[in-house]
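Chains, contacts and geometry: an overview
Next come the chains, spelled out residue by residue.
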Amino acid sequence: MKGPLLQMVQPILQIIAASKGIPMNEYLMRTVARIFAFLKQQGAETGLAMLGPLSAILIAMAANPSNPVFNHNLFEAVASIVKVCVPTQPDTVESALLPVFGQILERNVVDFLPYTFQIMGLLLDASPNVKPLYTELFARLLTPELWRAQANVPGLIRLLRAYFTKHAGFGELLRSNMQAILERFQFVLMNRKTEEAALDLLNAMYQYLPIEFYQQFLKTLMTVLLTRLQSSKSPKFKRDFVVSCSLCIHKNQSVIALFDSIQAGLLSNLLLNVWPPVLKMPLRTDERKVCVMALAKLFSVEELRQNTQLVGACSLSLVHLLGLASCCKSKQNLNGDEGSDEELENGAGQEYEVSFNKLQNTDLPGAAAGMAPDVPDLLCAAKASLKPVLGPVVLPLAQATAELQPLAAFLQ
């Protein structure tokens, strides 16, 4: 299908650029996005050649961005090309797009900023050498006005994540602005519509930055999160809180002591009352991995291991997370996500949430490992880390509680 599909792209872009037929026809633009998302590497060469015409359309539309669905699909088309081309030809892609993005930022084209930030994050991820534009842009990214526009928040966090992954080149810049970054975190956390994005920012920090960058702020961060947890009635927020704390513990075991320094008995209370209901919810593969690995590290603490009620509750959660109960085995795919990339990207009939401005194609190929690239096989890693700490404790509990027998057998 490659030949016939790619033959369509240039005529479509010519129709759009010349404003023939229906002006700003979102269906034509969506077609271009779908072609490149479908062909992936097969469309890379043509895609690279199309970045010039797409950039010209971007500049033309920036003067009057009146059709949000068309704009969304325009940026989706650019993102789907960038995703496949930027790993092998970062300089060519950057030279085609950075001048256009520079103009959008300079002219403050509000409708285009959320998309620009996301694609710049993708560009920065793949950039072998950091361009001065990124250093110059950083201070502007933290201006409060940008964070007040909810549509900007996912893009700003996506771009900050790219700075975190390149912390070797941006070390001083990040250290000197850490306080401001965490102020933006607190700002988006306090809004129910953006609280999920706040935890995305924290997770990016835990995953990509060495702990030395933010260690001095951790106690304050955790206190702010716990205050929000107490006031929130959202099960989704509780889920995101547990996953985020699990990631933090998985990456830095030393933070376990932090909880009880905030309040005596806090960690036991959380593990008894907040953790178990969340761990029975549907979780992505990478989320299950960090939750299991965090529990293994938590149970290396003698005091927690001696709390029989706590061990029982969390062990039941492990049976579910590891798919050990006979009813779960056929349903869970423990090391691969339930849906493929193709289903997630531009799925047939999928409607874009345009008001949210979140693009589908802003991660490099192979980024699907998510939060736990260090745990390729969950069952092997779980057995190796849980057996020494839980094996002897779970066996007597399993004799009294039939639901724990699969875990006891797994850990033998």
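Further up the page is the structure itself.
Note that the coordinates shown come from a computational prediction; the quantities given were computed from them, not determined experimentally. (Residues numbered from 1 in each chain as written. Predicted model: local features only at pLDDT ≥ 70, side-chain atom pairs only at ≥ 80, totals over all residues. Heavy atoms only, no water.)

**A closer look at the overall build of the protein chain**
- Secondary structure summary: the protein chain contains 23 helices and zero strands in total.
- In terms of overall size, the protein chain behaves like a compact globule, its C-alpha atoms giving a radius of gyration of 24 Å where 412 residues would be expected to give roughly 22 Å.
- With the C-alpha coordinates of the protein chain rotated into their principal frame, the extents come out at 75 × 45 × 40 Å.
- Split into buried and exposed, the 412 residues of the protein chain put 53% on the buried side.
- Of the roughly 18100 Å² of accessible surface on the protein chain, a fraction of 55% belongs to carbon and sulfur atoms.
- Averaged over its 35 positive side-chain charges, the protein chain has a centre that lies 3 Å from the centre of its 34 negative ones. (Helix = DSSP H or I, 4+ residues; strand = E, 2+ residues; numbered from the N terminus. Rg over C-alpha atoms; globule rule 2.2 N^0.38 Å. Buried < 20%, exposed > 50% of the residue type's maximum accessible area, 1.4 Å probe, protein only. Areas by Shrake-Rupley, 256 points an atom, 1.4 Å probe, with all protein chains shown as cover. Lys, Arg positive; Asp, Glu negative; His and termini not counted. Charge placed at Lys NZ, Arg CZ, Asp CG, Glu CD.)

**Some thoughts on the side chain of histidine 72**
- Mapped onto the secondary structure, histidine 72 falls in helix H4 (residues 68-85).
- Residue histidine 72 is classed as buried on the basis of its relative accessible area of 0%.
- Reaching out from histidine 72, the side chain makes a polar contact with the side chain of tyrosine 115 at a distance of 3.1 Å. (Polar contact = N/O pair within 3.5 Å; in protein donor to acceptor, adjacent residues only side chain to side chain.)

**Quick notes on the pattern of salt bridges**
- A full pass over the atoms with the stated rule returns 15 salt bridges.
- Measuring nitrogen to oxygen at the nearest pair gives 2.6 Å for the salt bridge that ties lysine 131 to glutamate 94. Linking lysine 131 in the loop between helix H6 (113-126) and helix H7 (132-141) with glutamate 94 in helix H5 (residues 90-106), this pair joins segments that are 37 residues apart in sequence.
- Residue glutamate 94 is classed as buried on the basis of its relative accessible area, which comes to 1%.
- Among the salt bridges present, the one from arginine 284 reaches glutamate 287, with a minimum N-O distance of 3.3 Å.
- The network of salt bridges with common partners includes Glu196, Lys236, Arg239, Asp240, Arg284, Asp286 and Glu287. (Salt bridge = Lys/Arg side-chain N within 4 Å of Asp/Glu carboxyl O.)

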